[in-house]
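Okay, here's what each chain looks like letter by letter:
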Amino acid sequence: MLFSVAGFELPQMKFMKLGSKPDTFQTDGNSVRYVASELATDVIVHVGDVKFYLHKFPLLSKCARLQKLVSSGNEGNGDEVKIDDIPGGASAFEVCAKFCYGMTVTLNAYNVVTTRCAAEYLEMHETVEKGNLIYKVDVFLNSVIFRSWKDSIIVVQTTKSTSPLPEEVKIISQCIDAIASKASVHVSKVDWSYTYNRKKIAEENGNDPSWNGLRNRTVPSDWWVEDLCELDIDLFKRIIMNIKNKQLVSSEVIGEALKAYAYRKLPGSGKNVIQQNDLAKYRNILDTIVWLLPAEKGSVSCSFLLKLLKASISAESGETVKMELAKRIGHQLEEASVSDLLIRACDGEETTYDVHVIKKILAEFVTQDENSVAEMENGCEIQEMMRPGILSEASKLMVAKLVDGYLAEIAKDPNLPLATFTGIAEIVSSYPRPAHDALYRAIDTYLKVHPGISKSERKKLCRLMDCKKLSAEACMHAVQNERLPLRVVVQVLFFEQVRASASSGSSTPDLPKAIKDLNCSSYGSSRSQTTNTDEDWDAVASSEELRALRGELAALRLGNGAVQERSNGAVESKAAISKMKGLIMSKRIFSKIWSNKAAQENSGSDSSESLGSANHDEVKSTPTRKGRHSVS
């Protein structure tokens, strides 16, 4: 809506009247115009398809170009001249001709540029006659038009039809500077009308006790944005550059202007489809917006940057534009959502989504982190060089969660290669996550959609997650998941037992020495019996094996509870060892877990290796407990 901060009145267009005589121009059809006068006309001026029957004296006294044309035609027909290339055409020439006759003409924002250019073409300078048309138009422009926000916008819009003369007479540059200057003033000094569509604020609804009409309204910092959205991209670019050069408007407001212009000029974000005949036009708009983006991080949202990236892919922009957007997105990736990252692949691609550009964005995020670390090692000024948010653990956690959600979506694509899936996951594998439930869901989705992958591929896929970081609900699902390799199910069962023991106040994951010795000797001396263990572990667990493992785990839990209730330490240890030995001998599956635990403890570490635990710094060691141990 239009409104004025100085009152309720709608803005009125500024105008200036020249001359005082009545308008006596007449029209005969569409192509003939003449002056109604007792004196016979003595010159015919051809402007395009229109003929003007006029008198030499008033025209030649003010138009140096017509003087030359008439004098040069004396050898031939000096009574007819042609000026087909006059800016503004017949209508602009008619205004100039009426001014020569002293008739009343009205100048306004819509015709002042064409009139000024036509007067320049006709050479209506002060040297020809004092108070000529060029002088009077310039006075009107400088004292009225360039001081009016709305009229300046209208004027700069009309210049596109009269190029290149407006550039030569500096109308465009003056108008652009006037607009940029007004956009750069402090909001407290804005007392003119402008276009601003938004939800009503409290004062407008009359809920503010200090409401005193529009005079007390707070002018928004981006009050000028919507009016500039009406301009062509070339003019918009020049104005934004001028505003940026003045360094009085914040990068956030400039970013808002670019966002508003993109939404106004580019196709809707829903379909993201650009017609072939409009491709060059939209590509030019898009590339210009990207070029105008402020350097400051956060000047535009990550969501908007991703929309620009999607549009650049649709518009087939160059790699330079795409890489610039990927770099900017990588700097503030923690702000993105999963839906933002789901960028459709171009026609002809095998995958549903453009996963390669997301890998570039993630790589940029990680690179920023690495660069900051390198700067710290080189002794640079850390406070100046570090980018806010990039190095924080919170940002890393948010990006890790974002990647987990993204993986769960792209895993639904039956054409997605395993190497691409794991490659994306491994980029942020070192980032800490309190839980791996989302990653487990992504892995399970991939296994469900890609049932034909090999055992080794399943093993590689499941290494991405850490079974220790699965919630109770995820564990419950995993132990019943027939798509998982047997080794993963066993690890989930083991860590579930560890968690249950810890929550009940019983023993920690540390095992009695007798059990460790038993498992170490069993694994070491039974090498010939376990040659196929890895192959068995990598196989998918059958429903019968899952039931058997859960049953044994339940029995082990009951045994653990019984051990806690007994008071005789020797009996406790002997019963637990016996039960554990039976489990190991029956399945030979837990043996690897126990033996790994023992080997690590003998080397000074109590942490156990689990699938997906690539970052050993995340594994917390448990101090060796003194005294009695029980089986868990």
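Residues numbered from 1 in each chain as written. Predicted model: local features only at pLDDT ≥ 70, side-chain atom pairs only at ≥ 80, totals over all residues. Heavy atoms only, no water.

Now for the overall build of the protein. From N to C terminus, the protein includes 28 helices and 9 strands. Buried positions account for 49% of the 632 residues belonging to the protein. At a minimum sequence separation of 6, the contacts of the protein that also span at least 24 residues come to 74%. As displayed, the protein has an accessible area near 31000 Å², and 50% of this comes from carbon and sulfur atoms. (Helix = DSSP H or I, 4+ residues; strand = E, 2+ residues; numbered from the N terminus. Buried < 20%, exposed > 50% of the residue type's maximum accessible area, 1.4 Å probe, protein only. Contact = heavy atoms within 4.5 Å. Areas by Shrake-Rupley, 256 points an atom, 1.4 Å probe, with all protein chains shown as cover.)

Tracing the backbone shows Pro-294 in the loop between α12 (279-292) and α13 (302-314). You can call Pro-294 buried: its relative accessible area is 4%. Put simply, Pro-294 and Ser-250 are 44 residues apart on the chain and 9.4 Å apart in space, counted from C-alpha to C-alpha. In contact with Pro-294, other than residues within four places in its own chain, are Lys-244, Ser-251, Ile-254, Gly-255, Leu-258, Ser-299 and Arg-328.

Another aspect to go through is unusual backbone geometry. A positive phi is found at Gln-247, a non-glycine position, where the angle reads about 60°. In this fold, Gln-247 is placed in the loop between α10 (233-246) and α11 (251-265). The phi angle at Glu-316 is positive, at roughly 55°, despite the residue not being glycine. Note on placement: Glu-316 falls in the loop between α13 and α14 (319-331).

For the rest of this paragraph, the subject is helix α4 (residues 112-121). α4 sits mainly inside the fold: 9 of its 10 residues count as buried. Where α4 is concerned, the buried positions are Val-112, Val-113, Thr-114, Thr-115, Arg-116, Cys-117, Ala-118, Ala-119 and Tyr-121.

With the rule as written, the count across this model stands at 10 aromatic pairs. On the basis of an interplanar angle of 70° and a centroid distance of 6.2 Å, the ring pair of Phe-365 and Tyr-431 is categorised as edge-to-face. Remark: Tyr-431 occurs in the loop between α19 (418-427) and α20 (437-449) and Phe-365 occurs in helix α16 (residues 355-377); sequence separation between them is 66 residues. Of the residues examined, Phe-365 reaches a relative accessible area of 0% and is grouped as buried. For the ring pair Phe-494 and Phe-495, a centre distance of 5.0 Å and an interplane angle of 65° mean the geometry is edge-to-face. (Phe/Tyr/Trp six-rings, centres within 6.5 Å; stacked < 30°, edge-to-face > 60°.)

Let us look at the pattern of salt bridges. Here the structure, examined in full by the defined rule, presents 21 salt bridges. The salt bridge partner of Lys-68 is Glu-123, with a shortest N-O separation of 3.1 Å. Of this pair, Lys-68 sits in helix α2 (residues 64-72) while Glu-123 sits in the loop between α4 and α5 (133-143), and the two are 55 residues apart along the sequence. Here Lys-68 falls in the partly exposed class, since its relative accessible area comes to 48%. Of the charged contacts in the structure, one is a salt bridge between Arg-433 and Asp-404, with a shortest N-O distance of 2.8 Å. Separated by 29 residues along the polypeptide, Arg-433 in the loop between α19 and α20 and Asp-404 in helix α18 (residues 393-410) bring together distant segments of the chain. Taken as a pair, Arg-433 and Asp-404 share a single burial class, namely buried. Taken together, the shared-partner salt bridges connect Asp-23, Arg-33, Glu-94 and Lys-98 into one network. (Salt bridge = Lys/Arg side-chain N within 4 Å of Asp/Glu carboxyl O.)

Right, let's get into the packing of α11 against α13. Across the interface, α11 lies against α13 with an axial gap of 12 Å and an inter-helix angle of 40°. As far as their axial angle goes, α13 and α11 are oblique. Along this stretch, α11 crosses α13, giving a crossing that reads as left-handed. Facing Leu-258, Lys-259, Ala-262 and Tyr-263 of α11, the residues of α13 in contact are Phe-304, Lys-307 and Leu-308. Residues that form the contact of α11 with α13 fall into these classes: 5 nonpolar, no polar and 2 charged. (Axes fitted to C-alpha atoms, helices over the stretch in contact; angles between N-to-C directions. Parallel < 35°, antiparallel > 145°, perpendicular 65-115°, else oblique. Left-handed = near helix turned anticlockwise from the far one by under 90°. Nonpolar A, V, L, I, M, F, W, Y, C, P; charged D, E, K, R; others polar.)

So, about the packing of α11 against α12. For the pair α11 and α12, the least separation of the axes is 11 Å and the interaxial angle reads 170°. Considered as vectors, α11 and α12 are oriented roughly antiparallel to each other. Along the contact surface, α11 presents Leu-258, Tyr-261, Ala-262 and Lys-265, while α12 presents Tyr-282, Ile-285, Ile-289 and Leu-292.

What follows is about the nonpolar core. The biggest cluster of nonpolar side chains holds 160 residues, and the ones touching the most others in it are Leu-54, Phe-93, Trp-224 and Leu-228. No other element matches the 9 residues that helix α3 (residues 89-101) contributes to this core. (Core = buried A, V, L, I, M, F, W, Y, C linked by side-chain atoms within 4.5 Å.)

On to the environment of Gln-276. Locating Gln-276 in the fold gives a position in the loop between α11 and α12. Taking C-alpha positions, Gln-276 is 8.9 Å from Ala-315, a pair spaced 39 residues apart along the chain.

Moving on: the sheet that holds strand β3 (residues 25-28). Strand pairing in a sheet relies on backbone hydrogen bonds. The paired strands run either parallel or antiparallel. Strand order in the open sheet formed by 5 strands is β3-β4-β6-β5-β7, and the pairing between neighbours is mixed. The open sheet has two edge strands, β3 and β7 (80-82), and neither has a second partner. Pairwise comparison of adjacent strand axes, ignoring direction, gives a mean angle of 20° for this sheet. Across 3 bridges, strand β4 (residues 32-35) lies against strand β6 (residues 50-54) in parallel orientation. Across the sheet, the residue bridging to Tyr-34 is Tyr-53, located in β6. Contacts from α3 reach β3, β4, β5 (43-47) and β6 within the one sheet, and its direction differs from that of β6 by about 10°. (Pairing = 2+ DSSP bridges.)

Let us now look at the side chain of Lys-469. Topologically, Lys-469 is positioned in the loop between α21 (455-462) and α22 (472-478). From its side chain, Lys-469 meets the backbone oxygen of Arg-433 in a polar contact 3.3 Å long. (Polar contact = N/O pair within 3.5 Å; in protein donor to acceptor, adjacent residues only side chain to side chain.)

Across the protein, the average pLDDT comes to 78, with 68% of residues at or above 70. Predicted confidence is poor over residues 1-10, with pLDDT under 50, and the contacts of this stretch with residues over four places away or in other chains come to 32 contacts. This model gives residues 200-215 a pLDDT under 50, and the stretch forms 18 contacts once residues within four places in sequence are excluded. (pLDDT = per-residue confidence, 0-100.)

With that out of the way, let us pick up the environment of Met-323. Take Met-323: it is sitting in helix α14. Judged by its relative accessible area of 39%, Met-323 is partly exposed. Residues Met-323 and Val-357 lie 34 residues apart in sequence; the distance between their C-alpha atoms is 8.8 Å.

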